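Chain by chain, the residues:
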Amino acid sequence: MKLKLSFLFYFLYVFILLNVTNSTIVAQGSSCSSTTISRTLFIEDFGTFSSISGRASSSSIINIPYDDAGEVQDGRYAIVADCNASGASWALSGSDHTSQTANYPSGTYGGMLFFNAGNTGGIVFFHREVEVCANTNLQFSAWHANVHPNSSRTKPDITFNIYGEDGVTLLGTASASPPTSTTGSLEWHLLSHNFNSGSNTRVILEITNNVSATSGNDIAIDDISFRACLPIVNLV
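What you are looking at is a predicted structure, and each value in this text was computed from that prediction instead of being measured.

What is the right way to read the sheet that holds strand β13 (residues 202–209) from this model?
By way of backbone hydrogen bonds, the strands of a sheet pair with one another, either parallel or antiparallel. Across the sheet, which stays open at both edges, the four strands sit in the order β8-β13-β10-β11 with antiparallel pairing between neighbours. Each edge of the open sheet is held by one strand with a lone partner, namely β8 (124–131) and β11 (170–176). For this sheet the average axis-to-axis angle between neighbouring strands, irrespective of direction, equals 15°. As judged from the six bridges shared by strand β10 (residues 158–163) and β13, these two strands associate in the antiparallel manner. Bridge pairing in β13 places F160 opposite I207.

What am I meant to see in the packing of aromatic side chains here?
For any two aromatic rings, the description comes down to two numbers: the centre-to-centre distance and the angle of the planes. All told, the structure shown has seven aromatic pairs when counted by the stated rule. The interplanar angle of 50° and the centroid separation of 6.3 Å between the aromatic rings of F42 and F226 together place this pair among those described as tilted. Linking F42 in strand β2 (residues 36–44) with F226 in strand β14 (residues 218–231), this pair joins segments that are 184 residues apart in sequence. You can call F42 buried: its relative accessible area is 12%. Exposure remark for F226: the relative accessible area of 0% places this residue in the buried category. Centroid distance Y66 to Y77: 5.6 Å. Interplanar angle 45°. Geometry classified as tilted. With Y66 in the loop between β4 (55–56) and β5 (76–80) and Y77 in strand β5, this pair connects stretches of sequence that are eleven residues apart. On the basis of relative accessibility, which here comes to 27%, the residue Y66 falls in the partly exposed class. Y77 sits in the buried class, given a relative accessible area of 3%.

In this structure, what is going on with the pattern of salt bridges? I would like to understand it.
Side chains bearing opposite charge may pair, as long as their charged atoms lie close to each other. As enumerated under the stated definition, the model contains three salt bridges in all. Across the salt bridge formed by R128 and E44, the nearest N and O atoms sit 3.1 Å from each other. With R128 in strand β8 and E44 in strand β2, this residue pair connects regions lying 84 residues apart in the sequence. The buried category is assigned to E44, whose relative accessible area is 13%. Residue E129 pairs with R202 through a salt bridge whose shortest N-O separation is 2.9 Å. Linking E129 in strand β8 with R202 in strand β13, this pair joins segments that are 73 residues apart in sequence. We classify R202 as partly exposed; its relative accessible area is 27%.

Conventions adopted
- Residues numbered from 1 in each chain as written.
- Predicted model: local features only at pLDDT ≥ 70, side-chain atom pairs only at ≥ 80, totals over all residues.
- Heavy atoms only, no water.
- Pairing = 2+ DSSP bridges.
- Helix = DSSP H or I, 4+ residues; strand = E, 2+ residues; numbered from the N terminus.
- Axes fitted to C-alpha atoms, helices over the stretch in contact; angles between N-to-C directions.
- Phe/Tyr/Trp six-rings, centres within 6.5 Å; stacked < 30°, edge-to-face > 60°.
- Buried < 20%, exposed > 50% of the residue type's maximum accessible area, 1.4 Å probe, protein only.
- Salt bridge = Lys/Arg side-chain N within 4 Å of Asp/Glu carboxyl O.

What follows is the structure, encoded as structure tokens:
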């Protein structure tokens, strides 16, 4: 029995040596850079609906009212399946960003944040706390689209601020002002920003509207995420 166990351990040892030497350990996820891989810590995709006219509210939206029926008015928001079908008759139609890769079954529609920003310049309208690891390189990203079809109208302009757990120390910032669609439907644009968490084990994301205008100034946001950028480890 002892001889059989010794042989088994020896076999496992040789197998590990043969398969680990000069190999690369990787983790599932998209790369933060050419020398790192990533692990998703948080993603806000705004859920799904069973109808293209679906509408909902979100606890992450602050300081602006939710429009629960009819067209989303100036200075208000709604989580919608389609900005035109369930948000406003003048808005561009188009699916949320998640639906482009999620392969939802027929009859399922992804949600997105539709914000008719209006005269809310300077207002923080999104607040979310995310648990992270201290002293870690992180990547923040979000997808955004200009909802208004007319290029002569005011483009939306927003800023994503990432704070430490004290709510004061700024760890990263990035702004977005999506152009008018050239296809007649929503065009999604990616914004990403790399930063380090420092001593924080929790970060706070806030999104601020930078523009006051009731002619245009309409935005959709989807797939807000934080990823840990981890080095690729080569075992020799």
